[in-house]
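# Architecture at a glance
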Amino acid sequence: MIDLDTFLSQLVVGLFRGSLYWILAAGLTLIFGVTRILNFAHAAILVTGSYITYTIYVSTGSYVLAFLGAIIACGLLGAVTEVLLIRRVYGLDPLYQLLLTFGVTLVVNEAQKLVWGKGSVYVPTPEMLRGGVAVGAVTVSYYTVFVVIVGFLLLLALHYFINMTMMGLRLRAVWRDPVMSEVLGLNPKNYYTLVFFLGSAIAGLGGALLIPAITVGPGLGDHLIVLAFIVVVLAGLGNIVGSYITALAIGVTWSLLTLVTPELDIVILYLISALILMVRPQGLFGER
Amino acid sequence: MILVYVVLALIPLTGQRFYIYLGSLFMIYAIFALSYNVLFGYARLVSFGHGLFFAWGAYATALTTLNLYRDPLVGVLVGIVTALIPSLVVGFLTVRHTRIYFAILTLAFGMVFYSALVKLRWLTGGTDGLVGIPKRGVILDISSPQAYYYFILAFFIVSTLLLYAISRSSIGLLIRALGGNEERLPFLGYSVFQLRLVAFTISGVGSALAGSLYAILMGVVTPDISYWTFSAEPLIMCLVGGFEHFMGPLVGAFVIVVLTTIAARFYEVWMLVLGLMVIGIVLAFRGGFTGFLETTWNLARHMVVARGGASKS
């Protein structure tokens, strides 16, 4: 039988994983929500963030600088991609949009191999966040707590930004009706670039948070993008709060499945996701 | 088409093992890409899960020849026939959806299959895969390069002729109509669901054939061939060759196989080139290589016609 402590520690692992998935999915769903583009390259950008964190940390030794550097660099990478490439395919069949961002993914992945080599890189947990708190017999590391809190703060920040600021209001206007908002003097293109910057900057944050948790190497982005797609589509594309809940649910479900059937945990996870998608293609929190 | 067959039939006469291997690989990828295009080019459904069917064929062949009946021909036939099961099941479950939802659903099913291949060690050998798939069997012995080459060529000719016949048949036309205007089909009394399922099954079984031949050629199968990045290969081939034209995926498969094999020797950055190619095609040449040829041809003809008209007046 599974005892309570094992259950609790797996639950914490699940929340930790779920928070990382949320940060991974947040930018993707934000970008889709406003521009209607499902950015295949999102996870590749996130992994670039991890690599940049690594480089800045190794050369300066400062975590704060590394975090900020990753966020800004990824934001710029996203914005440049939008201005140079994605801008040209807005009116086209979604097929081409998907294929274009897929092409970008290949390029970004290979560029990473060129710059950082084919091996894995790793950054130790920040000094401040080493150690942990004991909850019963289970020790929860400070880093886990930190990531879960950052995830929740990101949710609050995004929610506030979109629903309570003037910029958020304008973004929603562009999202609802690009033509009408253009008539009212907003240039949707600027907002698309802005949203690519923001979404990719969040990916940079995700990349920076990811690298002390796992080693980063080639192929990681290919693996992450599948999870990201599943989170945002399951939640309902463009739904921020829904993505948060879904990401946590997937993280926790995965951890608990590992406890029950370590053999088939991922198989069952993907199967459940596929079944939910078949019944509700608009997602759990989406509306048609 | 006949020209392609003749050239392919002549390759083993060079006696170069390298060309024979490359030719075999090309035929396998061409079958994969042509089958994929039934769904992608005709019905305009983007699947990110076709590695599932390729891997199904490969693993079915591997398991049959290793455990049940030691013969490559029987192995390939089992691969094709059993592929009807996943094609119909996954098709039945996914073709109700379109666009991004279809892409994500096929991706999810592909990942289910991939993780099952990795995790079910007792059956599939996990990440190590299955080794020692025989070329020499009870009925057929195709262990010499020429023999397995002609074995693959025979399947290549039969399957491409079949696919061509399908593309010209009324069913093929109806599937193309799906990509063109699917709202209109029900008014004409056709079921969009059934047509999509037919397209899905054809492309699934064709991909499985490619997978079966791949298992025989390589002698080894690993779960990589069901990972989603592998599912994207026929997509890239269709895109590079041009998915509007029947021969497009064939041209795409040729370009990719030749470039991967040759370019990979010189550049580490081959995938970078491929990515730039995909971006370039989406931005500038949406018809792919065959589309580009067609446009140039039409343009040239118009110019000739225009000049001819001018000289007469």
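Every chain is numbered independently, its residues counted from 1 as its sequence is written. Here every chain gets a letter starting at A, and every ligand a number starting at 1, in the order they are written. With the structure being a predicted model, the display of local features is reserved for residues of pLDDT at least 70 and the display and counting of side-chain atom pairs for 80 or more, all residues being used for whole-chain, interface and lining totals. Here the side-chain values reflect all heavy atoms present in the structure, with hydrogen atoms and water set aside.

Let us now look at the nonpolar core. Only buried Ala, Val, Leu, Ile, Met, Phe, Trp, Tyr and Cys residues count toward a nonpolar core, and they belong to the same one when joined by side-chain atoms within 4.5 Å. The classification of residues rests on relative accessible area computed with a 1.4 Å probe and restricted to protein chains. Under 20% of the type maximum is buried, over 50% is exposed, and intermediate values are partly exposed. Judged by nonpolar contacts, the single largest core of 198 residues is most densely connected at Trp22 and Leu38 of chain A together with Phe48, Phe156 and Trp228 of chain B. For this core, the element with the highest residue contribution is helix H2 (residues 17-42) of chain B, accounting for 17 residues. In this structure Phe48 of chain B touches Phe40 and Leu98 of chain A together with Ala103, Thr106, Leu107, Trp228, Ser231, Ala232 and Leu235 of chain B, once residues within four positions along its chain are discounted. Put simply, DSSP H or I for four residues or longer makes a helix, DSSP E for two residues or longer makes a strand, and each gets a number counted from the N terminus. Here, two residues are considered to be in contact whenever any of their heavy atoms come within 4.5 Å of each other.

A few words now on unusual backbone geometry. For Arg36 of chain A, which is not glycine, the phi torsion reads 65° and is therefore positive. The residue Arg36 of chain A is located in the loop between helix H1 (4-35) and helix H2 (42-60) in this model. Phi at Arg44 of chain B is positive, roughly 55°, even though this residue is not glycine. For Arg44 of chain B, the position within the fold is in the loop between H2 and helix H3 (51-68). Take Arg44 of chain B: its relative accessible area is 33%, and that puts it in the partly exposed class.

Turning to the interface of chain A and chain B, a few remarks are in order. In this complex, chain A contributes 45 residues to the contact, which on the side of chain B involves 40 residues. Defined here as a combined quantity, buried area equals the accessible surface (1.4 Å probe) lost by two parts on assembly, summed across both. Broken down residue by residue, the surface that chain A buries against chain B is led by Tyr96, Leu99 and Met278 of chain A, which jointly contribute 14%. Counted as salt bridges are all cases of a side-chain nitrogen of Lys or Arg within 4 Å of a carboxyl oxygen of Asp or Glu. Joining chain A to chain B, the criterion identifies zero salt bridges. Pairs of N or O atoms within 3.5 Å make up the polar contacts considered here, provided that, within protein, one atom can donate a hydrogen while the other can accept it, and that residues adjacent in sequence are counted only when both atoms are side-chain atoms. In this assembly, chain A and chain B are joined by two residue pairs in polar contact (both at pLDDT 80 or more). Sorting the residues of the side of chain A that touches chain B by element identifies helix H4 (94-116), helix H9 (220-235) and helix H11 (265-279) of chain A as the ones contributing at least two each. Under this grouping Gly is polar, as are all residues other than the nonpolar Ala, Val, Leu, Ile, Met, Phe, Trp, Tyr, Cys and Pro and the charged Asp, Glu, Lys and Arg. Partitioning the side of chain A that touches chain B into residue classes produces 34 nonpolar, three polar and eight charged.

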